[in-house]
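Architecture at a glance
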Amino acid sequence: MTAETAENLGFYYPEYYTAMLKFNEKISNREIKEYVSSVLKTPMRITTIYDLERNAKINTLSANANAVILFILLFILCIISILNLMNMNVKNNTEKFMTLHSLGLSFSGIKKIFMTGMMITALISVIIGTALSFGGKYFLQTKYEQWYSILAEYNEMQGITDMSVSFVKPVMGIYEEGTAEYAFAEKFQQLEDTFFLAKEMWLPDIILPLCIISTVILLSMLICSLSAVKNIKSERIIEDDKN
Amino acid sequence: MIRIENLSKTYGTGDAAVHALKDLSLEIKDGEMTAIIGTSGSGKSTLLHALGGLDTELSGKIFYDETNILEMNDTKLSEFRLKNIGFVFQFFNLIPELTAKENILIPLMIGKIKTDEKYFSELVNSLGISERLSHYPSQLSGGQQQRTAIARALINKPKVILCDEPTGNLDKKSGNEVMELLKKLRLEYGQTIVIVTHDPEIASSADRIIHIEDGMIV
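Residues numbered from 1 in each chain as written. Chains lettered and ligands numbered in written order. Predicted model: local features only at pLDDT ≥ 70, side-chain atom pairs only at ≥ 80, totals over all residues. Heavy atoms only, no water.

**Details of a nonpolar patch on the surface**
- A surface patch of nonpolar side chains, about 570 Å² in accessible area, is lined by I120, L123, I124, I127, I128 and L132 of chain A.
- Note that I127 of chain A resides in helix α4 (residues 107-157). (Patch = residues over 30% accessible without salt bridge, like charges linked within 9 Å, V, L, I, M, F, W, Y side chains within 5 Å. Areas by Shrake-Rupley, 256 points an atom, 1.4 Å probe, with all protein chains shown as cover. Salt bridge = Lys/Arg side-chain N within 4 Å of Asp/Glu carboxyl O. Helix = DSSP H or I, 4+ residues; strand = E, 2+ residues; numbered from the N terminus.)

In structure tokens, the structure reads:
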């Protein structure tokens, strides 16, 4: 690979050298770097397998942190909305509940009716939310696997067999239109564009439960909203009737 | 018999205190139709709600025969109300999502009581709503809604019917019809009826009229 091609492919360094060293005793990452520096004649940036592992961990943590922050924001927004909707629901139904109370239903019975309604709403949301989340996760996982297999195939063509050490992405700009490589890069780009957030965000295991909870909350909100709208509508009919 | 002893109700405290009922005592005989009449804010609705056990934060005693309902907890009082008291409201208070029939049967559903089909048919025929049972409240006229509410109040065969301005939201013709129905039903089923109204004409059809002003009988 020439330096120019490597730069076009997004590499910061014009050339990579890979070396596999075996040490007889366990030594630190710093000691490995010091040893390799002492062997090399020209100064070079040295990246060890420990650095790659550490970077991978940082990437995962960063993706998790992004997901958690997104979830917390969504959660706060949903809780505020749900509380508001519940208050509206209680307010809209107060007249009905007081009518039922006057007909002989105790306050504990009223509470039971309200709670049952909420539980049914939550249950419906859990079922639909879980199904949607698993479906979404499956879809994204499939897309990721397609994306990764194309990347692996391309890297193999470029002579890179171990993608955990380094990899190259097919970029449309460096190939002529109509060539097989261009078509390959185009397919890769299209697939990459289907991810509306950084693909790394979809990979951590934390995403699925977060997706389920978020979808459940959102669906609860939707059902509560529809219920509140229906109540407002019927209250209006009664008010119109009174007038 | 209903016996009220030294009933008092105060809203608010200190200078802002409003005495809705002041040391009120009263007796209502079984089978009697009593009208409680008074101006707005005189305490007549407070008295009716107290009689129905809807307001229990009062001082004094309310006896139904020998039972003081103010000593009961919410569950027992609700059960007592379910078995012994029927309410008719000014604005009908029907559940808009339920049909007329379902609205009438609510007390039976609450009490998990089996419907007496014969009595139900008799009642809806007497009230002239047998053709309207599958209609929703919004599809009924004001008079029909109030008749449905009366049927709901009577379905449990309660001993006492409490009516809060039952004709207040109806035109004169429908109002008179409702009063005639209440009188007819009392003769048929022998209930004690207490009607709160500010209309002297409506009150005149009762056996007894009680005037309330500033929370006291005058």
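**Considerations on the interface of chain A and chain B**
- Each side of the interface is counted separately: chain A has 18 residues, and chain B has 23 residues.
- Regarding the contact of chain A and chain B, the summed buried area is about 1,700 Å², with carbon and sulfur atoms giving 62% of it.
- Linking chain A to chain B there are 1 salt bridge.
- The shortest N-O distance in the salt bridge between E97 of chain B and K96 of chain A comes to 2.9 Å.
- Scanning the region where chain A abuts chain B turns up 4 residue pairs in polar contact (both at pLDDT 80 or more).
- Its residues assigned to classes, the side of chain A that touches chain B shows 6 nonpolar, 8 polar and 4 charged. (Contact = heavy atoms within 4.5 Å. Buried area = accessible area lost by both parts, 1.4 Å probe. Polar contact = N/O pair within 3.5 Å; in protein donor to acceptor, adjacent residues only side chain to side chain. Nonpolar A, V, L, I, M, F, W, Y, C, P; charged D, E, K, R; others polar.)

**Topic: the environment of I32 of chain A**
All names here are of chain A.
- On the secondary structure map, I32 appears in helix α2 (residues 29-39).
- We classify I32 as buried; its relative accessible area is 10%.
- I32 sits 14 residues away from I46 along the chain, and the two C-alpha atoms are 9.4 Å apart.
- If we ignore the near neighbours within four places in the chain, the residues touching I32 are F23, I27, T48 and Y50. (Buried < 20%, exposed > 50% of the residue type's maximum accessible area, 1.4 Å probe, protein only.)

**With respect to the packing of aromatic side chains**
Residues and elements named next belong to chain B.
- Using the criterion set out here, one finds 4 aromatic pairs over all chains in the structure.
- Judged by centre distance (5.1 Å) and plane angle (75°), the rings of Y64 and F80 are edge-to-face. On the criterion of sequence distance, the pair formed by Y64 in strand β4 (residues 59-64) and F80 in helix α2 (residues 74-84) is long-range, its members being 16 residues apart.
- A relative accessible area of 7% means that Y64 is categorised as buried.
- When the centroid spacing of 5.4 Å and the interplanar angle of 5° are considered together, the rings of F87 and F89 count as stacked.
- Among the residues examined, F89 registers a relative accessible area of 10% and is labelled buried.
- One Lys or Arg, R3, reaches over the ring of F63 and ends 4.4 Å from the middle of that ring. (Phe/Tyr/Trp six-rings, centres within 6.5 Å; stacked < 30°, edge-to-face > 60°. Lys NZ or Arg CZ within 6 Å of the ring centre and 35° of its normal.)

**Describing the side chain of T167 of chain B**
Residues and elements named next belong to chain B.
- Inspection of the secondary structure puts T167 in the loop between β7 (160-164) and α7 (172-189).
- Taking the relative accessible area as the measure of exposure, T167 reaches 10% and is therefore buried.
- Those residues in contact with T167 that lie beyond four places of it in its chain are G175, V178, M179 and I202.

**Some points on the confidence of the model for chain B**
- Residues of chain B with pLDDT of at least 70 account for 100%, and the chain-wide mean is 91.
- Looking at the elements of chain B, mean pLDDT is at its lowest for α7 of chain B, recorded as 84, and at its highest for helix α3 (residues 100-104) of chain B, recorded as 95. (pLDDT = per-residue confidence, 0-100.)

**Comments concerning the sheet that holds β7 of chain B**
Residues and elements named next belong to chain B.
- Read from one edge to the other, the open sheet built from 6 strands follows the order β6-β7-β8-β3-β9-β10, with strand pairing classed as mixed. What marks the edges here is a single partner per strand, and that holds for β6 (85-88) and β10 (216-217).
- Of the pairings in the sheet, the one linking β6 to β7 comprises 4 bridges and is parallel in character. Within β7, the position partnered with G86 by the bridge is I161. (Pairing = 2+ DSSP bridges.)

**Re helix α1 (residues 44-51) of chain B**
- Across the 8 residues of α1 of chain B, 6 count as buried, placing the element largely inside the fold.
- Every buried residue belonging to α1 of chain B is among K44, T46, L47, L48, A50 and L51 of chain B, and all of these are buried.

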